[in-house]
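Each chain, letter by letter, is given below.
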Amino acid sequence: MNATIYHNPRCGTSRNTLAILRHAGIEPTVIEYLKTPPDRATLLRLLVDADLTPREAARQKEALFGELGLNDPSVSDEAVIDAMLAHPILINRPFVVTEKGTRLCRPSEVVLEIIPPLATPFTKEDGEVVGAKPKV
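The structure reproduced in this document is the subject of the present report.

1. Thoughts on the environment of D126
Phase 1 of the analysis: Its place among the elements puts D126 in the loop between β5 (122-123) and β6 (129-130).
Phase 2 of the analysis: Here the alpha-carbon distance between D126 and I26, two residues 100 residues apart in the chain, equals 22 Å.

Set out below in structure tokens:
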């Protein structure tokens, strides 16, 4: 299976999502989106394919979100997109794209919706086990 992950290696959720993909035997194309941000067309495609509004895909807890006044509900979707393109740190992560769909993988186990079932359980960095249940 082909997969692409828009990844931030400093983010635990992003690291867990990448590790789940690899645990499933998938070596994805890794795009460190802070180094190589998506262009407008790519960002819009991610939003449409994941069925998210720009606000739903923005990192609203990022201080810059508030500093730019984006927490004001009257700010347009277009303005939120413009801010995400100008400041990629405002794009929530990780987005994963496979032939089964596109998801913002928060929490990381959301990726299980768009990959084949795991053969064995996966243990996240915090010790939580996700995926296949052991047979009794």
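Having put the structure on the table, let's press on.
2. Concerning helix α5 (residues 77-86)
For an α-helix, the turn length of 3.6 residues means that residues three or four places apart are oriented alike.
Phase 1 of the analysis: Taken together, the buried positions of α5 are occupied by V80, I81, A83 and M84. End-on, the buried residues of α5 take up no more than an arc of 160°, which puts them together on one face.
Phase 2 of the analysis: Contacts made by the buried residues of α5 are with α2 (40-50) and α3 (54-57).

3. Digging into the environment of E32
Phase 1 of the analysis: The topology assignment puts E32 in strand β2 (residues 29-32).
Phase 2 of the analysis: Among the residues examined, E32 registers a relative accessible area of 28% and is labelled partly exposed.
Phase 3 of the analysis: Residues E32 and H87 lie 55 residues apart in sequence; the distance between their C-alpha atoms is 14 Å.

4. A few points about unusual backbone geometry
Trans peptide bonds make up the majority, and among non-glycine residues the majority have a negative phi.
Phase 1 of the analysis: Cis geometry is adopted by the peptide bond preceding P94, which originates at R93 and carries an omega value of -5°.
Phase 2 of the analysis: Note on placement: P94 falls in the loop between α5 and β3 (95-98).
Phase 3 of the analysis: P107 follows R106 through a cis peptide bond whose omega is 0°.
Phase 4 of the analysis: The backbone phi angle of D51 is positive, close to 60°, even though this residue is not glycine.
Phase 5 of the analysis: The residue D51 is located in the loop between α2 and α3 in this model.

Each value, and the rule that gives it
- Here the residue numbers are simple positions, counted from 1 along each chain's written sequence.
- In view of the model being predicted, local features appear only for residues whose pLDDT reaches at least 70, and side-chain atom pairs are presented and counted only at 80 or more, with totals across whole chains, interfaces and linings using the full set of residues.
- The side-chain values count all of the structure's non-hydrogen atoms but skip hydrogen atoms and water molecules.
- Numbering of helices and strands runs from the N terminus, with a helix taken as a DSSP run of H or I at least four residues long and a strand as a DSSP run of E at least two residues long.
- Only protein chains enter the accessibility calculation, which uses a 1.4 Å probe. A residue is then buried if its area is under 20% of the maximum for its type, exposed if over 50%, and partly exposed in between.
- By arc we mean the arc of the directions from the helix axis to the C-beta atoms, nothing more.
- Every residue pair with non-hydrogen atoms within 4.5 Å of one another is taken to be in contact.

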